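Structural characterization, general
The residues making up each chain are set out below.
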Amino acid sequence: MIGRTGILGLLAASAIAGAASAADKVTVAYFLEWPTANQVAQVDKTYDKEMGVEVDWRAFGNGNEMTQAMVSGDVDIAYSQGFVPFVVGVTNGAPLKLVGIAVTYAENDLCIVRDDAGITKDNAKELEGKKVATPTGNVTHYKLLRTLTHLGVDPAKVDIVQMNGADAAVALVRGDVVMACAFGGPLDRMRTVGKPLMTGAEQEAIGINTFDVISATDSFAEKHPDLLKKFLAVTDAANAAYKKDPGAAYEIVAGAAGMDLDATKAMMANFGFPTNEEQLGPNWLGGGVQEAAKGVADVMASTGNLDKPLDDYAKFVDPSFLK
């Protein structure tokens, strides 16, 4: 977890270095093994052409790393940043704005239990006292906490170990942990030795919704609103093109995501890419996201993963760039 002290230290450093990016280059954070429709535009440099600047895409291991890079001035826009890392970041003082929804998903972010552990959702309390690997302070971690609580497991009694997805998959396969949680490609490796504690559909049925966001630094949004609007417009067009002809995108996206073709197709089949118009609606930036941010902050604070939630998160959500 990124503490308030760490965020403030990075803020001071960024003030010295200069927070806003140069007008001739925009740096965007993204994830490998996370195939999204906009990666066609990433590969063919549509972003560069439409925005009129060089767009530098940098891969990160989790959403908290994205926050740190944005606070330090190294990244301007985060594409598909986890909602929880965003909420934790702004709560701790990170100067960020949520400007869009990148992708919705449920079956692509799960906790897998080893088959030989004999643990299912019906006897999940047996997880208490055992090791569980997960990237902490992000959506995956949030879903884990909500799932454990729903199943009557005390999260404080579970030995939760911080591991990014790739490492968590290795630990699960090796037998170092009884359950591991991750998003994207590592889940395929985890499934070779286990099954989900709860499926994405089961989680959604109890109100555990899963989505990633598009965020930008305050300084970039203020100094280059035109570039941010164009970024979102290109993303929207790429999403629309994928919806119209998915087959034309798979090979390009697979290459950009560092995945094989079959895995890319399977994962993208469980993704949703809301249009800019849909994102402006009440379920998203029209009110739903602001409400969800408060709920996430309250849950993370109750489990000791956030010092103190804010009273309101509306000021960190700006839908104007979608229009």
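Right above here is the structure, for reference.
A few words on the pattern of salt bridges. Should their charged atoms come close, side chains of opposite charge can pair. Counted according to the given criterion, the structure contains 10 salt bridges. Here Asp 116 and Arg 114 are joined by a salt bridge, their closest N and O atoms 2.7 Å apart. You can call Asp 116 exposed: its relative accessible area is 58%. Asp 115 is the salt-bridge partner of Lys 195, the closest N and O atoms lying 3.1 Å from each other. Here Asp 115 lies in the loop between strand E5 (109-114) and strand E6 (131-134) and Lys 195 lies in strand E9 (residues 194-196), a separation of 80 residues in the sequence. Overall, Asp 115 belongs to the partly exposed group, its relative accessible area being 44%.

Turning next to the packing of aromatic side chains. Applying the stated criterion across every chain yields a total of 15 aromatic pairs. When the centroid spacing of 5.2 Å and the interplanar angle of 80° are considered together, the rings of Trp 34 and Phe 183 count as edge-to-face. In this pair, Trp 34 is assigned in the loop between strand E1 (25-30) and helix H2 (39-43) and Phe 183 in strand E8 (residues 179-183), connecting sequence segments 149 residues apart. Looking at Trp 34, the relative accessible area reads 2%, which means it is buried. Between Trp 34 and Phe 271, the ring centres sit 4.8 Å apart and the planes meet at 65°, which makes this aromatic pair edge-to-face. Taken together, the positions of Trp 34 in the loop between E1 and H2 and Phe 271 in the loop between helix H13 (261-268) and helix H14 (276-279) put the pair 237 residues apart, joining distant regions of the chain. Looking at Phe 271, the relative accessible area reads 10%, which means it is buried. Members of the aromatic cluster, each reached through a chain of ring pairs, are Phe 31, Trp 34, Tyr 105, Phe 183, Tyr 242, Tyr 250, Phe 271 and Phe 273.

Our focus in this paragraph is helix H5 (residues 83-91). Counting buried positions along H5 yields 9 of 9 residues, so the element is predominantly enclosed. Those residues of H5 lying buried are Phe 83, Val 84, Pro 85, Phe 86, Val 87, Val 88, Gly 89, Val 90 and Thr 91. A positive phi of about 105° marks Gly 93, the residue just after H5.

Criteria and thresholds
Residues numbered from 1 in each chain as written. Predicted model: local features only at pLDDT ≥ 70, side-chain atom pairs only at ≥ 80, totals over all residues. Heavy atoms only, no water. Salt bridge = Lys/Arg side-chain N within 4 Å of Asp/Glu carboxyl O. Buried < 20%, exposed > 50% of the residue type's maximum accessible area, 1.4 Å probe, protein only. Helix = DSSP H or I, 4+ residues; strand = E, 2+ residues; numbered from the N terminus. Phe/Tyr/Trp six-rings, centres within 6.5 Å; stacked < 30°, edge-to-face > 60°.

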